[in-house]
Amino acid sequence: MEVIRSARTSLLIASFAAHGARNVVTEIGRAVDRGVRVDLLLEESTQASAAFTALPDHVHVWHRVGSSGVLHAKLIAADRHTAPLGSANLTDRALSENIELGVVLRDPHLVEPLVDHFRWLLATENGIMRPA
């Protein structure tokens, strides 16, 4: 929640699964209200995008192109300065009950290349992700 609140211009969020986690969805909505651009990279086979239907239409949802492999990454990048990386999906159980592992990067020199990589994945000419 703290990382989402720290975003001023962009949030880049990747998750394999997403359901419940209403507090996260609410906080993302508040970020949108502040003018933050939100990109959600979600695994289509888990119907993860259904967790975010309450968000405004201008939230960008992305799925993998093709049927081989899955989007299994878990990332929340606030602007280009902070990013928690870990094993937790955006689900109620992962965020409150499961034993998960993660680290929060607060060094822009580490976060910027991660954001650049995911932005590269979103570039349509690379054919890796597509708008949902």
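These lines cover the structure that appears in this document, whether it is placed above or below. (Residues numbered from 1 in each chain as written. Predicted model: local features only at pLDDT ≥ 70, side-chain atom pairs only at ≥ 80, totals over all residues. Heavy atoms only, no water.)

### Notes on the overall build of the chain
- Looking only at helices and strands, the chain features four helices and nine strands.
- Each helix and strand of the chain, ordered N terminal to C terminal, gives the series α-β-β-α-β-β-β-β-β-α-β-α-β.
- Relative to the compact-globule value of 14 Å for 132 residues, the chain shows a C-alpha radius of gyration of 14 Å, a close match.
- Taking the principal axes of its C-alpha atoms as reference, the chain extends roughly 35 × 30 × 30 Å. (Helix = DSSP H or I, 4+ residues; strand = E, 2+ residues; numbered from the N terminus. Rg over C-alpha atoms; globule rule 2.2 N^0.38 Å.)

### Some points on helix 4 (residues 108-122)
- Counted at 1.5 Å a residue, the expected span for helix 4 with its 15 residues is 21 Å, and the 20 Å between its end C-alpha atoms agrees.
- Among the residues making up helix 4, those that are buried are Val111, Val115, Phe118, Leu121 and Leu122. Projected down its long axis, helix 4 shows its buried positions confined to an angular sector of 115°, all on one face.
- Where helix 4 starts, the residue carrying a side-chain oxygen 2.8 Å from the main-chain nitrogen of His109 turns out to be Asp107. (Expected span 1.5 Å × (residues − 1). Buried < 20%, exposed > 50% of the residue type's maximum accessible area, 1.4 Å probe, protein only. Arc of directions from axis to C-beta. Polar contact = N/O pair within 3.5 Å; in protein donor to acceptor, adjacent residues only side chain to side chain.)

### Here's the deal with the layout of surface pockets
- Roughly 480 Å³ of internal volume is contained in the largest pocket.
- The wall of the largest pocket is formed by 24 residues, among which Met1, Ile76, Pro84, Leu90 and Leu95 lie closest to the centre.
- For the lining of the largest pocket, the elements supplying multiple residues, two or more each, are helix 1 (2-6), strand 1 (10-15), helix 2 (22-33), strand 5 (75-78), strand 6 (83-86), strand 7 (90-91), helix 3 (92-96) and strand 8 (102-105).
- Looking at the lining of the largest pocket, its residues break down into 15 nonpolar, six polar and three charged. (1 Å grid on protein atoms, 1.4 Å probe; cavity = no way out; pocket = protein on both sides within 12 Å on 5 of 7 lines; lining within 4 Å. Points joined across faces, edges and corners; volume = space filled by probe spheres on them. Nonpolar A, V, L, I, M, F, W, Y, C, P; charged D, E, K, R; others polar.)

### Points about the pattern of salt bridges
- This structure, assessed with the given rule, holds eight salt bridges.
- Salt-bridge contacts for Arg130 lead to Glu44; the nearest nitrogen and oxygen are separated by 2.5 Å. Of this pair, Arg130 sits in strand 9 (residues 129-131) while Glu44 sits in the loop between strand 3 (37-42) and strand 4 (60-64), and the two are 86 residues apart along the sequence.
- What makes Glu44 partly exposed here is its relative accessible area of 40%.
- A network of salt bridges, in which partner residues are shared, links Arg5, Glu27 and Arg30. (Salt bridge = Lys/Arg side-chain N within 4 Å of Asp/Glu carboxyl O.)

### With respect to the environment of Ser10
- Looking at the secondary structure, you find Ser10 in strand 1.
- What makes Ser10 buried here is its relative accessible area of 13%.
- Ser10 has contacts with Val36, Arg37, Ala77, Ala78, Asp79 and Arg119, leaving out every residue within four places of it along the chain. (Contact = heavy atoms within 4.5 Å.)

### Observations regarding the nonpolar core
- Leu11, Ile28, Val38, Leu40 and Phe52 are the most contacted members of the largest nonpolar core, which has 23 residues in total.
- Take this core: its biggest share by element is five residues, from helix 2.
- Leave out the neighbours within four places in its chain, and Ile28 touches Ile4, Ile13, Val38, Leu40, Phe52 and Leu55.
- Core analysis: the second largest hydrophobic core is formed by 15 residues, Leu12, Trp62, Leu75 and Val111 among them. (Core = buried A, V, L, I, M, F, W, Y, C linked by side-chain atoms within 4.5 Å.)

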